[in-house]
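Each chain, letter by letter, is given below.
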Amino acid sequence: MKSETLHPVDLLEKQAAWLDHYHLGLRITEQGIVVSVGDGIAWISGLPSVAMEEILAFEDGSQGMVFDLTEELVGAVLLHETDRLTAGTTVYLSPRPLSVPVGDNLLGRVVDPLGNPLDGRQKPELTTMQPLERRSPAIVARDFVHEPLYTGIKVIDTLIPIGKGQRQLLIGDEGLGRSSIAIDTVINQRGRDVYCVYVLIGQKRSTVVNTIKTLRSYGALEYTTIIVAEASTLPGLQHLAPFAGCAIAEFWMQQGYDTLVVYDDLSTHAKTYRELSLLLRRPPGREAYPGDIFSLHARLLERSTSLNTAHGSGSMTALPIVETKQGEIAAYIPTNLISITDGQVYLERGLFTAGFRPAIDIAKSVSRIGGNAQHPRIKEESGRMKLDYLQFMELEVFTHFGARLEASMEAAIRRGRVLRQILKQERLSPLSGEFQMAWLVAFNDGLFDDVEPDDILPQLALLEGRIKQTELTLNSSREQWIEAVTAWLQS
Ligand SMILES: Nc1ncnc2c1ncn2[C@@H]1O[C@H](COP(=O)(O)OP(=O)(O)O)[C@@H](O)[C@H]1O
Ligand SMILES: [Mg+2]
């Protein structure tokens with residue numbers, strides 16, 4: 001194309017012509033109008049360029065998040081309890097992604113998913129904001145899970161060990177002790193330099209109060225942040241709660257700290273998401289959950305990892321909790337979460353009612369990567385113990401028929417019964433790695449063989465008393481441990 005060079009006079013003339021046609025008008029900034037409000041959601045008209053999950057600022061100062069787009073209307077979930085928001089309120093697009101203030105001043109605090117205090121104290125002084133949704137760390141930034149995270153629970157630390165950066169699901173019917181395991185684990189991080197975040201989603205007020213009380217009375221609040229979106233809060237906030245908890249822990253992980261996040265629980269979270277989606281008329285899928293519930297939970301849990309030294313060596317361990325009905329693990333949300341996580345601790349009602357607590361079903365529980373992080377000495381001893389236990393569970397079936405058993409089988413059953421007694425543990429009584437070592441060695445070396453199952457508790461108490469004074473560590477040799485434990489038990 002031949003470029004046209006204009007004479008300056010012609011250019012002026014052209015500009016004058018353009019000015020002739022110029023007329024003053026309004027510059028268009030996007031603005032919408034609320035059409036209706038109710039059930040924690042708002043329908044808005046206008047805002048043609050809005051995208052999913054964008055943040056909307058309402059004229060009354062409250063915020064919403066875009067959750068659905070139709071050809072005519074924008075559906076948004078509300079993030080603030082307000083009664084001034086009505087049909088006719090003006091809405092603008094907010095330029096910033098939804099974020100939560102993060103930092104050390106959150107330790108010891110109880111906040112809502114947007115960082116507002118719920119403990120009656122001043123708003124925590126924080127300058128850094130972390131987006132609620134963020135891409136998970138790249139593969140090259142990740143390390144293998146290689147360090148143990150001790151729960152202080154005998155069954156878990158020996159048979160279903162958890163490593164830092166692992167995602168371990170706590171699954172079971174309501175009331176079988178899932179939250180108790182999570183709380184015990186948080187309490188057991190005392191003095192271990194692990195920052196904890198406990199997210200309570202859609203829980204009753206009484207549960208929220210009890211959780212906070214327990215964590216406080218065990219001195220765990222000092223290194224813990226509690227995020228609360230209880231059952232009565234806006235569904236939009238409940239929906240955001242796990243993402244807020246994740247963002248808060250993620251910030252610490254990026255600073256090189258080890259962190260632990262409990263999501264209590266993701267079944268309620270999924271139900272809230274379903275409720276919001278149905279209200280916003282998104283198409284329902286299996287069990288009426290929206291089709292993207294899997295990717296939602298996967299996005300959340302993928303952010304838990306162990307970072308390599310080049311990226312600061314921080315880690316985020318996640319303990320998501322999920323509820324089953326009648327022990328049915330094949331339901332939609334439980335199977336989703338089982339496949340997203342690195343293993344599960346399965347709690348069973350039969351064990352609970354039989355008095356085996358924590359009611360962990362060892363056969364249905366698994367830790368796919370935690371074994372690599374286990375201390376080699378604990379791993380070795382646990383391996384022997386596990387074989388005995390599995391054999392016992394097979395043999396025990398025969399005792400139900402009253403069949404006559406060989407002497408060796410009788411002995412194996414007796415050993416198994418002792419072991420079952422040992423593995424029982426009250427809640428709120430976390431135990432050290434050294435104690436696990438002591439009882440494992442004693443059991444594996446046959447030191448409990450003459451003890452009646454019902455008389456095992458005093459023996460364990462004896463070990464526990466001695467373990468506080470010993471200089472032995474997990475790195476001490478097997479011989480040293482056997483010698484020490486034998487002496488303790490004979491004293
Ligand atoms: N290890 C345990 N020993 C004795 N009782 C326990 C143990 N773990 C939990 N419980 C009891 O079981 C009940 C339910 O526990 P909870 O953790 O609230 O269950 P969930 O979170 O699965 O609904 C509580 O009353 C708690 O005291
Ligand atoms: Mg619970």
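Criteria and thresholds
- Residues numbered from 1 in each chain as written.
- Chains lettered and ligands numbered in written order.
- Predicted model: local features only at pLDDT ≥ 70, side-chain atom pairs only at ≥ 80, totals over all residues.
- Helix = DSSP H or I, 4+ residues; strand = E, 2+ residues; numbered from the N terminus.
- Buried ≥ 20, exposed ≤ 12 C-beta atoms within 10 Å, placed from the backbone.
- Contact = placed C-beta atoms within 7 Å.
- Domains from an automatic or database assignment.
- Expected span 1.5 Å × (residues − 1).
- Bend = angle between axes of the 7 residues up to and from the residue.
- Pairing = 2+ DSSP bridges.
- Axes fitted to C-alpha atoms, helices over the stretch in contact; angles between N-to-C directions.

K.L.:
Tell me about the overall build of the protein, residues and numbers included.
P.N.:
Looking only at helices and strands, the protein features 15 helices and 16 strands. Per-residue burial over the protein gives 43% buried out of 491 residues. Considering only intrachain contacts with a sequence separation of at least 6, the fraction spanning at least 24 residues in the protein is 72%.

K.L.:
Residues and numbers for the domain arrangement of the protein, please.
P.N.:
Each assigned domain of the protein is listed with its residue range as follows: domain 1 (32–93), domain 2 (99–374) and domain 3 (378–490). Domain 1 and domain 3 are separated by 60 Å when their C-alpha centres are compared.

K.L.:
An account of unusual backbone geometry is needed here, citing residue identities and associated values.
P.N.:
Asp264 connects to Asp265 through a cis peptide bond whose omega is 0 degrees. Along the chain, Asp265 turns up in the loop between β13 (258–264) and α6 (266–279). Cis peptide bonds are those with omega within 30 degrees of zero, and the linkage from Arg357 to Pro358 qualifies with 0 degrees. Among the structural elements, Pro358 can be located in the loop between α9 (349–353) and β16 (366–367). Within the chain, Leu47 stands out as a residue other than glycine whose phi angle is a positive 55 degrees. Its location among the elements puts Leu47 in the loop between β2 (41–46) and β3 (55–58). In this structure Leu47 comes out as buried when scored by C-beta crowding, with 21 C-beta atoms within 10 Å.

K.L.:
Hey, could you go over helix α11 (residues 376–399) for me, with residue numbers and the actual values?
P.N.:
Taking 1.5 Å per residue, 24 residues should reach 34 Å; α11 reaches 35 Å between its end C-alpha atoms and fits that length. Along α11, the sharpest change in direction is near 25 degrees and occurs at Met393. For α11, the complete set of buried residues consists of Ile378, Glu381, Ser382, Met385 and Tyr389.

K.L.:
Lay out the sheet that holds β3 in plain terms, naming residues and giving numbers.
P.N.:
Backbone-to-backbone hydrogen bonds pair the strands of a sheet. The strands run either parallel or antiparallel. Read once around its circumference, the closed barrel built from six strands follows the order β1-β2-β5-β4-β3-β6, with strand pairing classed as antiparallel. The mean inter-strand angle of the sheet, taken between neighbouring strand axes irrespective of direction, is 45 degrees. One ladder, built from two bridges, connects strand β1 (residues 32–38) with strand β6 (residues 90–93); its direction is antiparallel. Directly across from Ile33, in β6, lies its bridge partner Thr90.

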